Amino acid sequence: MLKRNSIHVERLREKLDKAAAVRAKVLDEMKFIRSWAQNPLRTGAVAPSGPDLAAKMASYLTPRPHSRVVELGPGTGAVTRALFERGFSHGQLNLIEYSANFCEMLSLRYPGLPVLQGDAYALEQTLRSAGGFLSGEKQTAHTLDGIVSSLPLLTRPEAVRRKLLNEALTLLKPGAPFIQFSYGLVMPVTPDSHAVSVHTSEWVWKNLPPARVWVYRKGH
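In what follows, the accompanying structure is described.

Procedures and definitions
Residues numbered from 1 in each chain as written. Predicted model: local features only at pLDDT ≥ 70, side-chain atom pairs only at ≥ 80, totals over all residues. Heavy atoms only, no water. Helix = DSSP H or I, 4+ residues; strand = E, 2+ residues; numbered from the N terminus. Buried < 20%, exposed > 50% of the residue type's maximum accessible area, 1.4 Å probe, protein only. Polar contact = N/O pair within 3.5 Å; in protein donor to acceptor, adjacent residues only side chain to side chain. Contact = heavy atoms within 4.5 Å. Arc of directions from axis to C-beta. Pairing = 2+ DSSP bridges. Axes fitted to C-alpha atoms, helices over the stretch in contact; angles between N-to-C directions. Phe/Tyr/Trp six-rings, centres within 6.5 Å; stacked < 30°, edge-to-face > 60°. Salt bridge = Lys/Arg side-chain N within 4 Å of Asp/Glu carboxyl O.

The next subject is the side chain of Ser149. Of note, Ser149 is situated in strand S4 (residues 146-149). Exposure remark for Ser149: the relative accessible area of 0% places this residue in the buried category. A distance of 3.2 Å separates the side chain of Ser149 from the backbone nitrogen of Leu151, its partner in a polar contact. Only 2.5 Å separates the side chain of Ser149 from the side chain of Gln180, close enough to count as a polar contact. Once residues lying within four places of it in the same chain are set aside, the contact partners of Ser149 are Met57, Leu72, Phe178, Ile179, Gln180 and Phe181.

Let's shift gears to helix H5 (residues 100-109). Listed as buried for H5 are Phe102, Cys103, Met105 and Leu106. On an axial view of H5, the arc spanned by its buried residues comes to 165 degrees, and they lie on one face. Among the exposed residues of H5, those oriented more than 90 degrees off its buried face are Asn101, Glu104 and Leu108.

Let's shift gears to the sheet that holds strand S6 (residues 196-200). Pairing is mixed in the open sheet, where seven strands are placed in the order S3-S2-S1-S4-S5-S7-S6. Pairing within the sheet leaves two strands with one partner each, and these edge strands are strand S3 (115-117) and S6. Along the sheet, successive strands turn relative to each other by an average axial angle of 20 degrees, direction set aside. The sheet contact formed by strand S1 (residues 69-72) and S4 spans four bridges and is parallel. In the sheet register, Leu72 faces S4, and the bridge partner there is Ser149. Against the sheet, H5 touches strand S2 (93-97) and S3, its axis set at about 165 degrees to S3.

Further remarks concern the packing of aromatic side chains. Inspection of every chain in the model, using the stated rule, returns four aromatic pairs. Geometrically, the ring pair formed by Phe84 and Tyr110 is tilted, given 5.2 Å between the ring centres and 45 degrees between the ring planes. You can see Phe84 sitting in helix H4 (residues 78-86) and its partner Tyr110 sitting in the loop between H5 and S3, a full 26 residues away along the chain. On the basis of relative accessible area, Phe84 is assigned to the partly exposed category, the value being 21%. Overall, the relative accessible area of 10% leaves Tyr110 in the buried class. Judged by centre distance (5.9 Å) and plane angle (35 degrees), the rings of Trp203 and Trp205 are tilted. With a relative accessible area of 63%, Trp205 lands in the exposed category.

Cis geometry marks the peptide bond from Leu208 to Pro209; its omega dihedral reads -5 degrees. As for its position among the elements, Pro209 is in the loop between S6 and strand S7 (212-218). Of note in this structure, His142 is not a glycine but carries a positive phi near 60 degrees. Here His142 is to be found in the loop between helix H6 (123-127) and S4. According to the relative accessible area criterion, His142 is partly exposed, its value standing at 44%.

Using the criterion set out here, one finds six salt bridges in the structure. Lys56 is paired through a salt bridge with Glu202; the nearest N and O atoms lie 3.1 Å apart. Taken together, the positions of Lys56 in helix H3 (residues 51-58) and Glu202 in the loop between S6 and S7 put the pair 146 residues apart, joining distant regions of the chain. Lys173 is the salt-bridge partner of Asp145, the closest N and O atoms lying 2.9 Å from each other. Note that Asp145 is positioned in the loop between H6 and S4 and Lys173 in the loop between helix H7 (158-171) and strand S5 (178-182), a separation of 28 residues in sequence. Taking relative accessible area as the criterion, Asp145 reaches 22% and is therefore assigned partly exposed.

Spelled out as structure tokens, the structure:
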């Protein structure tokens with residue numbers, strides 16, 4: 001009898017956990033839709049990245065001691081969660097988010113995680129703010145181990161996209177990746193230098209809508 005009751009309690013707990021996960025997913029999607037409706041050019045997507053796309057983006061990064069990884073446009077934290085599952089710790093991440101509402105939600109969801117409210121298109125300036133990796137540092141070039149971006153790049157002019165990529169590659173260590181997902185058929189930003197290599201993943205069909213991951217690297 002005790003064993004049967006224990007099994008019943010465990011099944012009930014599993015159902016409650018699944019219901020809570022579904023509720024959290026719906027709430028995140030509602031927040032994303034609200035943010036998109038208020039400013040579609042800044043939010044870009046109408047739903048958070050799915051777990052398969054988030055995991056694919058995180059897979060191009062390897063946590064090492066003293067790693068410094070910056071996430072751009074984390075939104076509700078789908079890719080952030082994948083980075084934690086990949087093995088990164090709070091102190092190895094900086095998040096840059098434009099929306100004050102998303103910043104507040106991320107700070108509540110991940111207490112102690114540095115969430116910088118600012119403009120990702122002014123990357124170095126934002127990372128120099130309080131809590132940022134570059135705060136108080138004189139040497140900023142080649143200091144980051146990775147940048148992972150969910151920014152809606154295709155809503156911005158090509159010149160703005162190239163400026164962001166060039167600034168990112170200057171801040172990244174040689175060979176470190178700038179990771180960007182896109183729903184588009186063409187690369188989200190075209191490098192202006194042959195020294196930059198570009199890799200694209202296969203389509204992540206389980207994501208809605210399907211997307212690919214683009215990885216930019218620059219050597220010495």
